Amino acid sequence: MTVARTLLGLLEPAPAHGYTLKKRYDAHFSRLKPLPFGQVYASLARFERDGLAETQGVESGDGPERKLYAITPDGVTVVEGWMYSAEEPTAFASSTLFAKTALALLSGRSARAVLDAQRQMHLIRMRELTESRRLVGATEVLAISYELNHLDADLRWIEEAGHRLDALHHGLKGQANDL
Amino acid sequence: MTSDTSLPLLEGRDLTVSFGETSALRGATITVGTGEIVALMGPSGSGKSTLLHCLAGVLVPDAGSVRIGELELSEASERKRSAFRLRSVGFVFQFGDLVPELTLVENVALPLQLNGVRPREADARARSVMADLGVLVVADRRAGAVAGGQAQRAAVARALVHRPKVIFADEPTGSLDTVAGEAVLDALVSLARDAGTSVLIVTHDNRVAAHADRLVTMRDGCVVAPDMASVR
């Protein structure tokens, strides 16, 4: 959903062919993995089907015909509605790391080792991002900062979890006995 | 004494410090290489600041040793330690600790003047470092009259101006917002690397630690985690 809405929003400044739209998306949002062409063209076909975008022209050349897509007023309404709707904050409530930590405690393994291993990975990634931040433009800095802040939040949880392992162990054992 | 270039620049070994019945350091050992940036992390009360003060020669440990270069700091007299700090050490504290009645450039020039550099040359060198840190434009304002980020950049300039061997930074961005803090840290790390100056940063902030080459973790007065391998 996020990729589709973003692609639609990127049509608003100016109409674009599928190839150009993919380049716009990759330049701003695909630091690590370029968007597949298939996903772009499938999205454009759905936009046209749903009245959110329309074809403004077709160009013939050496290769396949190239359609020029433009966003419609309905498309603009959809993008605005999505833009100003806050995301559910519960998106972060479930965590693989919490599950691993809990399972380690329930099975008598070292939960601290689970946390330490994850902490190392997070810190290495934070260093990589901090280093790369010096070399990029303003848009990328903000994207990197977003990732850094989330990694930082995870690390603070890891620190807190480390302090609370005994209490967590007792709590999980109690829950297991009740089941 | 011949110098062994394979030794780290700074080495604190088995450091023990107690304040009354409270053990602040319990056999802590740490090294910092020449030109290396090291972050020292740990919860409140873990001994980070006490360790930093021992390594800087401000606090004499009850046991253990501190060596910086060829100087056994823990065995030196207060006079020798003081002279060494003046020449070879820079400090950045959380709130800058600038003299508020002096201008920023006067604050930055202080380490040079205390080392015998003439006022005119000290002023020129101070302004040069301040230009590198983007605070030359406010050089002639009183330290008490500038924004926190500008004051902290001036504090970094003061720490660097006399080209020390090592800088000790204790929560250098603790009083700043994220953007201002990142700018100060970027400047400190970048200029220190250019000059080959080692830096030990005490911090509880993971984003600050991410600027370092290596992370050392403390808990209950001890260094508990093995030094992470450098990623550079």
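Scroll up for the structure.
Residues numbered from 1 in each chain as written. Chains lettered and ligands numbered in written order. Predicted model: local features only at pLDDT ≥ 70, side-chain atom pairs only at ≥ 80, totals over all residues. Heavy atoms only, no water.

**Student:** Hey, could you run me through the state of the cysteines in this one?
**Tutor:** Chemically, a disulfide is nothing more than a covalent bond linking the sulfur atoms of two cysteines. Under the criterion given, the structure shown has zero disulfides over all chains. Note on Cys 54 of chain B: no disulfide assigned, nearest cysteine sulfur contributed by Cys 222 of chain B at a separation of 13 Å. (Disulfide = S-S within 2.5 Å.)

**Student:** It is not clear to me how helix α6 (residues 178–195) of chain B should be interpreted in this structure. Could you clarify?
**Tutor:** Residues separated by three or four positions in an α-helix point in the same direction, a consequence of the helix having 3.6 residues per turn. Residues and elements named next belong to chain B. Here α6 contains 18 residues, and its C-alpha end-to-end distance of 26 Å stays within 8% of the 26 Å for a straight helix at 1.5 Å per residue. When we look at burial in α6, the residues that qualify are Gly 181, Glu 182, Val 184, Leu 185, Asp 186, Ala 187, Leu 188, Val 189, Leu 191 and Ala 192. Taking the backbone nitrogen of Val 179 as reference, a side-chain oxygen 3.1 Å away marks Asp 177 as the first, capping residue of α6. Following α6 by one or two positions, Gly 196 adopts a phi angle in the positive range, close to 70°. (Helix = DSSP H or I, 4+ residues; strand = E, 2+ residues; numbered from the N terminus. Expected span 1.5 Å × (residues − 1). Buried < 20%, exposed > 50% of the residue type's maximum accessible area, 1.4 Å probe, protein only. Polar contact = N/O pair within 3.5 Å; in protein donor to acceptor, adjacent residues only side chain to side chain.)

**Student:** Teacher, can you tell me more about the pairing of strand β6 (residues 89–92) of chain B here?
**Tutor:** The side chains of a regular strand alternate between the sheet's two faces. All names here are of chain B. Along β6, one buried face is formed by Val 89 and Phe 91 and the opposite face, lined by Gly 90 and Val 92, is buried too. Where β6 lies against strand β7 (residues 166–170), four bridges are found, and the strand directions are parallel. Following the sheet pairing, Val 92 is matched in β7 by Ala 169. (Pairing = 2+ DSSP bridges.)

**Student:** Honestly, the interface of chain B and chain A in this entry has me stumped. Any pointers?
**Tutor:** Interfaces are often described in size by the accessible area the parts lose on coming together. Contacts between the two partners involve 21 residues from chain B, matched on the other side by 18 residues from chain A. Our count for the contact surface shared by chain B and chain A stands at three salt bridges. Here Arg 133 of chain A ties to Glu 182 of chain B by a salt bridge, and the two come within 2.9 Å at their closest N and O atoms. Linking chain B to chain A there are seven residue pairs in polar contact (both at pLDDT 80 or more). For the side of chain B that touches chain A, the secondary-structure elements that each account for two or more residues are α6, α7 (206–209) and β9 (214–219) of chain B. Considered class by class, the residues forming the side of chain B that touches chain A number 10 nonpolar, three polar and eight charged. (Contact = heavy atoms within 4.5 Å. Salt bridge = Lys/Arg side-chain N within 4 Å of Asp/Glu carboxyl O. Nonpolar A, V, L, I, M, F, W, Y, C, P; charged D, E, K, R; others polar.)

**Student:** I keep staring at the packing of helix α1 (residues 2–10) of chain A against helix α4 (residues 73–83) of chain A and nothing clicks. Help me out?
**Tutor:** Packed helix pairs are specified by the crossing angle of their axes together with the interaxial distance, meaning the distance between the axes. Residues and elements named next belong to chain A. At their nearest, the axes of α1 and α4 sit 10 Å apart, and the two run at 125° to each other. As the angle between them shows, α1 and α4 are arranged oblique. Where α1 crosses over α4, the handedness of that crossing is left-handed. Here α1 contributes Thr 2, Arg 5, Thr 6, Leu 8 and Gly 9 to the contact with α4, which in turn contributes Gly 75, Val 78, Val 79 and Trp 82. Classifying every residue of the contact of α1 with α4 gives four nonpolar, four polar and one charged. (Axes fitted to C-alpha atoms, helices over the stretch in contact; angles between N-to-C directions. Parallel < 35°, antiparallel > 145°, perpendicular 65-115°, else oblique. Left-handed = near helix turned anticlockwise from the far one by under 90°.)

**Student:** Which parts of the structure should I look at to understand the layout of surface pockets?
**Tutor:** With a probe scaled to a water molecule rolled over the atoms, the places where space remains empty come into view. The calculated volume of the second largest pocket comes to roughly 530 Å³. As for the second largest pocket, its lining consists of 28 residues, of which Asp 152 of chain A together with His 204, Asp 205, Asn 206 and Arg 207 of chain B are closest to the centre. Contributions of two or more residues to the lining of the second largest pocket are made by α7 (138–163) of chain A together with α6, α7 and β9 of chain B. Residue classes in the lining of the second largest pocket are distributed as six nonpolar, 12 polar and 10 charged. (1 Å grid on protein atoms, 1.4 Å probe; cavity = no way out; pocket = protein on both sides within 12 Å on 5 of 7 lines; lining within 4 Å. Points joined across faces, edges and corners; volume = space filled by probe spheres on them.)

**Student:** Would you explain the sheet that holds β7 of chain B in this entry?
**Tutor:** Sheet architecture is open: six strands sit in the order β6-β7-β8-β3-β9-β10 (chain B), paired in mixed fashion. Every other strand in the sheet has two partners, leaving β6 and β10 (222–223) of chain B as the edge strands with one partner each.

**Student:** What am I meant to see in empty space enclosed by the protein here?
**Tutor:** Residues and elements named next belong to chain B. With the rule as written, the count across this model stands at one cavity of 30 Å³ or more. As a volume, the largest cavity reaches approximately 40 Å³. In this structure, the largest cavity is lined by Cys 54, Gly 57, Leu 59, Val 60, Pro 61, Val 66, Leu 73, Ser 74 and Arg 81.

**Student:** Help me understand the environment of Tyr 41 of chain A, please; the structure alone is not making it clear to me.
**Tutor:** Residue and element names in this part refer to chain A. Mapped onto the elements of the fold, Tyr 41 is located in helix α3 (residues 37–49). By relative accessible area, Tyr 41 is classed as partly exposed at 39%. Residues Tyr 41 and His 17, 24 residues apart in the sequence, show an inter-C-alpha distance of 9.5 Å.

**Student:** Would you explain the packing of helix α5 (residues 148–160) of chain B against α6 of chain B in this entry?
**Tutor:** Residues and elements named next belong to chain B. As a packed pair, α5 and α6 sit with axes 10 Å apart at the nearest point and diverge in direction by 15°. When the interaxial angle is binned, α5 and α6 end up roughly parallel. Seen along the crossing, α5 lies across α6 with a hand that is right-handed. Here Gly 149, Gln 152, Arg 153, Val 156 and Leu 160 of α5 lie close against α6, whose contacting residues are Ala 183, Val 184, Leu 188, Leu 191 and Ala 192.

**Student:** I'm lost on the side chain of Arg 207 of chain B in this one. Help?
**Tutor:** Relative to the helices and strands, Arg 207 of chain B is located in helix α7. Among the polar contacts listed, one links the side chain of Arg 207 of chain B to the side chain of Glu 182 of chain B, at a separation of 2.8 Å. Non-local contacts of Arg 207 of chain B, meaning those with residues more than four positions away in its chain, are made with Met 126, Ser 145, Leu 148, Asn 149 and Asp 152 of chain A together with Thr 178 and Glu 182 of chain B.

**Student:** Is there a simple way to explain the sheet that holds strand β5 (residues 71–72) of chain B in this structure?
**Tutor:** Sheet strands pair by backbone hydrogen bonding; their relative direction is either parallel or antiparallel. Residues and elements named next belong to chain B. With antiparallel pairing, the four strands of this open sheet are ordered in space as β2-β1-β4-β5. Of all strands in the sheet, those bounded by a partner on one side alone are β2 (22–32) and β5. Where strand β1 (residues 10–19) lies against β2, eight bridges are found, and the strand directions are antiparallel. When the sheet's bridge partners are listed, Leu 10 is paired in β2 with Val 32. Together, β1, β2 and β4 (63–68) form the strand contacts of helix α1 (residues 48–55), whose direction differs from that of β1 by roughly 120°.

**Student:** Please explain the pairing of β7 of chain B as it appears in this structure.
**Tutor:** Residue and element names in this part refer to chain B. When you tally the buried positions in β7, you get five out of five residues, the bulk of the element. Side-chain alternation along β7 places Val 166, Phe 168 and Asp 170 on one buried face and Ile 167 and Ala 169 on a second face that is also buried. Read as a crossover between parallel neighbours, the route from β7 over α6 to strand β8 (residues 198–202) is right-handed. (Right-handed = clockwise from strand over helix to strand, strands pointing away.)

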